[in-house]
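Chain residues, written in single-letter form:
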Amino acid sequence: MTVNGSWRRAARGAGLLGDDGSVAATIFAEMSALAARTGAINLGQGFPDEDGPAEVLSAAVSAIRSGENQYPPGIGTPDLRHAIAEHQERFYELRFDPDREVLVTAGATEALAATLLALLEPGDEVVTFEPFYDAYGALIALADGIHRTVPLRLPGFQPDLDELRASVTDRTRVILVNSPHNPTGTVLTREVLETIVDLAHRHDAIIVTDEVYEHLTFGPRHVPIATVPGARERTVSISSGGKTFNTTGWKIGWITAPAELVTAVLAVKQFLTYVNGAPFQPAIATGLRLPREYFTGIADSLRHKRDVLSDGLREAGFAVSPSDGTYFVVADAAPLGYRNAVEFCKALPGLAGVVAVPLSAFCKDDFAERTASLVRFAFCKRIDVLERAAAQLAELKH
Ligand code: PMP
Ligand code: GLN
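Residues numbered from 1 in each chain as written. Chains lettered and ligands numbered in written order. Predicted model: local features only at pLDDT ≥ 70, side-chain atom pairs only at ≥ 80, totals over all residues. Heavy atoms only, no water.

J.: How would you summarise unusual backbone geometry if you had to cite specific residues and measurements?
T.: Excluding glycine, a negative phi dihedral is what most residues carry, and trans is how most peptide bonds are arranged. Note that the residue after leucine 154, namely proline 155, is joined by a cis bond; omega there is -10°. For proline 155, the position within the fold is in the loop between β4 (146–153) and β5 (158–159). Its identity as a non-glycine residue notwithstanding, aspartate 204 has a phi of 55°, on the positive side. Take aspartate 204: it is sitting in the loop between α8 (190–202) and β7 (206–210). With a phi angle near 70°, threonine 326 is a residue other than glycine that sits in the positive phi range. Relative to the assigned elements, threonine 326 resides in the loop between β10 (319–321) and β11 (328–332). (Helix = DSSP H or I, 4+ residues; strand = E, 2+ residues; numbered from the N terminus.)

Shown next, in the form of structure tokens:
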């Protein structure tokens, strides 16, 4: 049997298609399986090991018990759409019409998929930074787009503005931004955001911004690119409840955008998932309406976790790049004598009982070489787990 279709494009876009036509698992699934097999501490796939706020969990349980178990509206329940619009106004002074400018999706992933499928014509270019979250490469390929990247390099992982300017042309349909940035932990500067808006205007491109880590910053404040003058009317902003409320398994995400763009994305979304988890929608609405202290509290708690893991990595002999946001930190294994992060990550469960992800998994082949000895560690784990990981990593020096 011959299996045709766009699966090959998606797998190739994610760098997962083997020469023999086999498809590898994503790096996250591979690394979680490695952790399960070896019993090592999983600092690979980014998911928290503690539940989120009790109010949010109870709201989902109550919704199930009270019969909110059938198809909700395709654009999302009115209550959640209002809560999303209120959240955008409360935190960023961005006003969106909850009936026309907000769309609920199956996590940020479906928001990205539906947006790219809606906006790209075959051959249109999409500019992202590199390293990039793995789904970007696969989804751009699935939408038949061409993926151009702008490197983020050490130190600091900010883009060079001239390289950014050179990458955006009249062929660019979408500039896909991600800040706070997975995997580097970088928060893009205002100057970078302003340059992106300027380029989008100049080349008539649409800005798609993935802000799933919007509340997880530890120094520089998160600036949604839609708040930069001139951006709002050409920006699709994407977020998700997974990171903010420790509910990565619920897959409730959303977009906020001008009505015309929401309509285009909805046209695709309704044939991807049609609607999303009814009882989780009131629960995420409850979360979005929590007092401000909840949101500052999660950032404070993660800052402490970042410090525990970063200090541990430094003491173990890694060169650690400061993480200003997300729940990831990048460390260089070269000072310890390990120049190949892929080999190093495979050996790490045996060496130190820890699982991490090589940064090359977020890069195209030609850039992977330059990140050869860099490793991403997740710190969204309990303090005692991070302390144990730090103690075990200290063994690498011996
Ligand atoms: N974008 C980035 C940058 C992420 O790190 C993640 C989390 N895996 C996603 C999108 C996907 O989010 P969701 O689980 O809500 O689909
Ligand atoms: N966003 C998480 C990470 O970067 C998990 C992604 C996934 O499993 N697809 O680790």
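That covers the picture; the talk isn't over yet.
J.: Let's hear about the site of ligand 1: which residues, and what values?
T.: Taken together, Gly107, Ala108, Thr109, Tyr133, Asn178, Asn182, Asp210, Val212, Tyr213, Ser240, Lys243 and Lys251 make up the full set of residues adjacent to ligand 1. Between ligand 1 and alanine 108 there is a distance of 2.8 Å, counted from an oxygen atom to a backbone nitrogen or oxygen. For ligand 1, whose unbound accessible area comes to 400 Å², protein coverage reaches 92%. Among the elements that line the shell around ligand 1, the one with the most residues is helix α5 (residues 107–119), at three residues. Residue composition of the shell around ligand 1, grouped by class: four nonpolar, five polar and three charged. (Near = heavy atom within 4 Å. Polar contact = N/O pair within 3.5 Å; in protein donor to acceptor, adjacent residues only side chain to side chain. Areas by Shrake-Rupley, 256 points an atom, 1.4 Å probe, with all protein chains shown as cover. Nonpolar A, V, L, I, M, F, W, Y, C, P; charged D, E, K, R; others polar.)

J.: So what about the site of ligand 2? Which residues, and what values?
T.: Phe28, Gln45, Gly46, Tyr133, Asn182, Tyr213, Lys243, Phe328 and Arg376 make up every residue found near ligand 2. Taking lysine 243, its side chain carries an N or O atom lying 3.4 Å from a nitrogen atom of ligand 2. At 2.7 Å from an oxygen atom of ligand 2 is found a side-chain nitrogen or oxygen belonging to arginine 376. Calculation on ligand 2 without its partners gives an accessible area of 300 Å², and the protein chains cover 81% of this total. Classifying every residue of the shell around ligand 2 gives four nonpolar, three polar and two charged.

J.: Any details on the environment of serine 6? Residues and values, ideally.
T.: Inspection of the secondary structure assignment puts serine 6 in the segment before α1 (7–13). Sequence separation between serine 6 and leucine 142 is 136 residues; the distance between their C-alpha atoms is 6.3 Å.

J.: Just give me the short version of the packing of aromatic side chains, but keep the residues and values in it.
T.: Pairs of aromatic rings are described using the distance from one ring centre to the other and the angle between the two planes. Under the counting rule described, the total for this entry stands at 17 aromatic pairs. Ring geometry for tyrosine 213 and phenylalanine 328: centres 5.9 Å apart, planes at 75°, overall edge-to-face. With a gap of 115 residues between them, tyrosine 213 in the loop between β7 and β8 (235–240) and phenylalanine 328 in strand β11 connect regions that are remote in the sequence. Like phenylalanine 328, tyrosine 213 is buried. Plain terms: the ring middles of phenylalanine 245 and phenylalanine 295 are 6.2 Å apart, the flat faces sit at 75° to each other, and that makes the pair edge-to-face. Of the two residues, phenylalanine 245 sits in the loop between α9 (241–244) and β9 (253–256) while phenylalanine 295 sits in helix α12 (residues 292–316), which places them 50 residues apart along the sequence. Pair check on accessibility: phenylalanine 245 and phenylalanine 295 agree, each one buried. (Phe/Tyr/Trp six-rings, centres within 6.5 Å; stacked < 30°, edge-to-face > 60°. Buried < 20%, exposed > 50% of the residue type's maximum accessible area, 1.4 Å probe, protein only.)

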